Structures are given as structure tokens and as C-alpha cells.
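Each chain, written out:
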Amino acid sequence: MVDDSSLSRHVVVAPGMCSGGSLIFGQIGDWTWESVAAACHTNVHAARTSEGQPAYLSFYYFHVRGGQVVHPHGLTFGDELQVTSRVFQFGGQSVITLHRLAPAGLGLADAPLDPAELYERPHPDCLYAENFNRWIARSRPSSNRQLSEVAPPDFSYSGLPRLPNSYSPRTLVGRARETGSFYSAAPPGLVAAGPAHTSEYELDVARDLNGAGLVYFASYFSIFDTALLRVWRSLGRGDEHFLRRKVVDQKVGYFGNADPGAVFTITVHRWHSVAQPRIEIADMAMRDSGTGRLLAVAGIEIDGDASYMDASP
Ligand code: KGA
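Not measured: the values here are computed from a predicted model.

A. Examining the overall build of the chain more closely. When helices and strands are tallied, the chain shows five helices and twelve strands. Here the C-alpha atoms of the chain give a radius of gyration of 19 Å, agreeing with the 20 Å that 2.2 N^0.38 yields for 313 residues. Its C-alpha atoms give the chain principal-axis dimensions of roughly 55 × 50 × 35 Å. Going through the 313 residues of the chain one by one, you find that 42% of them count as buried.

B. Focus on the site of the ligand. Around the ligand, the structure places 22 residues, and the nearest of them are Ser58, Leu147, Glu178, Tyr254 and Asn257. At the level of secondary structure, the elements contributing two or more residues to the shell around the ligand comprise strand E2 (56–65), strand E5 (127–138), strand E6 (147–149) and helix H3 (170–179). Tallying contributions element by element places E2 first for the shell around the ligand, with five residues. For the shell around the ligand, the class distribution of residues is eleven nonpolar, six polar and five charged. Formed jointly, the shell around the ligand draws a minimum of three residues from each of two domains, domain 1 (6–168) and domain 2 (178–303).

C. Local environment of helix H1 (residues 23–40). Taking 1.5 Å of rise per residue, the 18 residues of H1 would be expected to cover 26 Å, and the 26 Å separating its terminal C-alpha atoms lies within 8% of that figure. For H1, every residue scored as buried is listed here: Leu23, Ile24, Phe25, Gln27, Ile28, Gly29, Thr32, Ser35, Val36, Ala39 and Cys40. Along its buried surface, H1 packs onto strand E1 (6–12), E2, strand E3 (80–89), strand E4 (94–103), E5 and helix H4 (217–234). A positive phi of about 50 degrees marks histidine 41, the residue just after H1.

D. Spatial organisation of the pairing of E2. Where burial is concerned, most of E2 is hidden: nine out of the ten residues are buried. Note that E2 and E5 share nine bridges and pair antiparallel. Bridged to phenylalanine 62 within E5 is asparagine 131. The pairing of E2 with strand E9 (residues 246–254) spans five bridges and is classified as antiparallel. Its bridge partner being in E9, histidine 63 is matched across the sheet by lysine 251.

E. Fine view of the environment of serine 6. Position of serine 6 among the secondary structure elements: in strand E1. For the pair serine 6 and serine 85, spaced 79 residues apart in the sequence, the C-alpha separation amounts to 5.5 Å.

F. Up close: unusual backbone geometry. The phi dihedral of histidine 41 falls on the positive side, at around 50 degrees, and the residue is not glycine. Structurally, histidine 41 can be placed in the loop between H1 and E2. When the 13 C-beta atoms within 10 Å are taken as the criterion, histidine 41 is described as partly exposed.

Reading guide: rules and limits
Residues numbered from 1 in each chain as written. Predicted model: local features only at pLDDT ≥ 70, side-chain atom pairs only at ≥ 80, totals over all residues. Helix = DSSP H or I, 4+ residues; strand = E, 2+ residues; numbered from the N terminus. Rg over C-alpha atoms; globule rule 2.2 N^0.38 Å. Buried ≥ 20, exposed ≤ 12 C-beta atoms within 10 Å, placed from the backbone. Near = placed C-beta within 6 Å. Nonpolar A, V, L, I, M, F, W, Y, C, P; charged D, E, K, R; others polar. Domains from an automatic or database assignment. Expected span 1.5 Å × (residues − 1). Contact = placed C-beta atoms within 7 Å. Pairing = 2+ DSSP bridges.

Here's what the structure looks like:
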């Protein structure tokens, strides 16, 4: 630990941490749990409510900003990273954790991460992640449909630094929840690219559930990616292009979970930059197909290869 709220680690990227899928997001989430456990002196991995029911530090909002060198799908075996993490208090039931994944060769200082760096002056080579986690428990023991906010009694957060209000993601996430989109107003300089695409996804119990029986937070990334890949294929883009995609910004808001047997309807709107056709945004919402309940919203900004990121509808 660098100080009471900060950790730094040297990481050699292993097969379980990188891919064109969601492994890196799962790894960052594990670092969040480890960081919160260390900074809050709470057994995050086996937390219980005061009634003795399991409590989970659930992911409510996951934001990643990719850099020129380190970006989510650009890592490979043996890459060396310096990962710096810092935990901030965010009320009695939630916490915000920030991470910087820097190429080890940059030799950045092991100092506590200044939130202004992530929100205002990111290093162009680094990947930054922002995790907003809320403590939850099941309202009914056998169902993931009604989760409620409950923190374990030993969650101690008062010693953590506060995130300046101007950086709080609450308004952004609240709006995404209200409107089903991180881009309720057209993103500046971008225009809609083609019609919306809608597809269905059947929850895959062989892949999507975590060890606590909840839909795994990293699976939301792969479920959205599955929907996006379908759209890309319908546009004639090859799988190799999809695997090479460079994510410069990705946001996921988690508003509900689901039980085995669930089917999701995922709607994808695309936007592209008029000035830079390489830049494209996928604006996605995932709903329970049976009830229409909004479960998650994602926004992915991709800096693509001009040869396939065409500007046509
Ligand atoms: N439209 C707009 N805003 C709304 C809204 C709506 N329809 N409903 C609620 N809100 C606002 C509300 O005003 C409040 O705002 C905030 O959303 C939370 O609402 O924070 P503010 O500004 O006061 P509320 O009622 O307090 O809670 P809730 O959303 O009903 O319930 C909270 C949880 C976290 C239980 C719920 O959002 C949820 O189930 N989310 C899914 C969490 C999840 O499943 N994550 C992935 C699970 O896996 C995981 O995390 C791990 C660890 N894993 O996989 O290993």
C-alpha cells in the first residue's frame, strides 16, 4: 500500500487478464475488491449483512478510458504494467475506486492517484478505470431480481478521502438510467449512423454467472460486445476488425441483475464523428425481454481503422 487508501502493484500480464473480450474488466474489478478490502479493513470477499446474509460489493458503474499504449483489448502476455489504485468514500453504502494502468516502462511515481489526473489530465499512454460499487444483498434468497442496498456492519469508510463533487458520476449515471443512454443528447460532433439494431441474448449459465450466482459484472461487457459484434457483422465488418478495435472510452451502468432463464433485448444505436470517421460510438441498452425492465446501459467509443469504420448508414 502506498498510503491508507492507495495501492500500487507491478503486473506482468497473464493469459487470464487479456483478450478481445471481458477478461481485463474482470481483472480490474478484482483489483477494486482487493483495494476496497485493504483500504476499508472489510472482508469484501465474504461480507455479510448484520442479519448474516451474504452482502456483495456490486458494480453499479464501470468506466474505462483507454490510452494510446494501454487500452482494454490491446494487452498481451508479458506486457508489464504499473497499476495504481485509490479508494474514495462515496456515502455509507458505496465506494469509488480509481485505477491507472501505466506501461511499466514509463516509470511513473508510486504516489497516490490524484483524481484530477483521471478526470482532467490523463496521461495519453495510460488506461484509467473508475468503479462505482454499491453494497447489495438479495431481498429474496433465491432471486437476483430484487437486490437491495445493504452494507455490512464492518464497512469502514470514514478514513477514506472524498472524491470532489465535481467528479461524481451520480448525475451521469442517473441520467443514463432515466433515459436508457449515456448519450441522451447527440454527442457533440457526431451524427447517427444508420438505424438502431435490436437483438436478443439468452443468459448463458455456462458463462455469465459468477460464483455467487449473480450475473457477473464482466459478463455485461461481453453481452454488450456480442450485440455489437452482430451489428458489425451486419455492416460487413470482419471479426478480425472487431478483435483489433481500440476502445478509447467505455461506460457501463448496472441497474438490475437477472436469474437463469432470462432473455435480454439489447438495442444498439451508433454514432460517428463527421470530422473523424474513425471515431464511432455504440450506445446500448439491455432490457429484460419479458418485463422490459432496464438492466444495464453501455456506451463504447471506438477509434477504428478508417478502412472499415465507414461513414455510410
Ligand atoms: N430512473 C432514474 N433514476 C432512478 C430510477 C429510474 N427508473 N430508479 C432509481 N433511480 C435512481 C435513484 O433516484 C437513486 O439516485 C439511484 O438511482 C439508486 O436508486 O443515487 P441517487 O442519486 O440517490 P435506489 O432506489 O437507491 O436503488 P436501486 O437502484 O433500486 O437499487 C440499487 C441496486 C444496486 C440494488 C440496483 O441498481 C441493482 O440491482 N443494480 C445491479 C447491480 C449488479 O447486479 N451488478 C453486477 C453484479 O455483479 C457484481 O457486482 C459482482 C461483484 N460480480 O459479478 O462479481
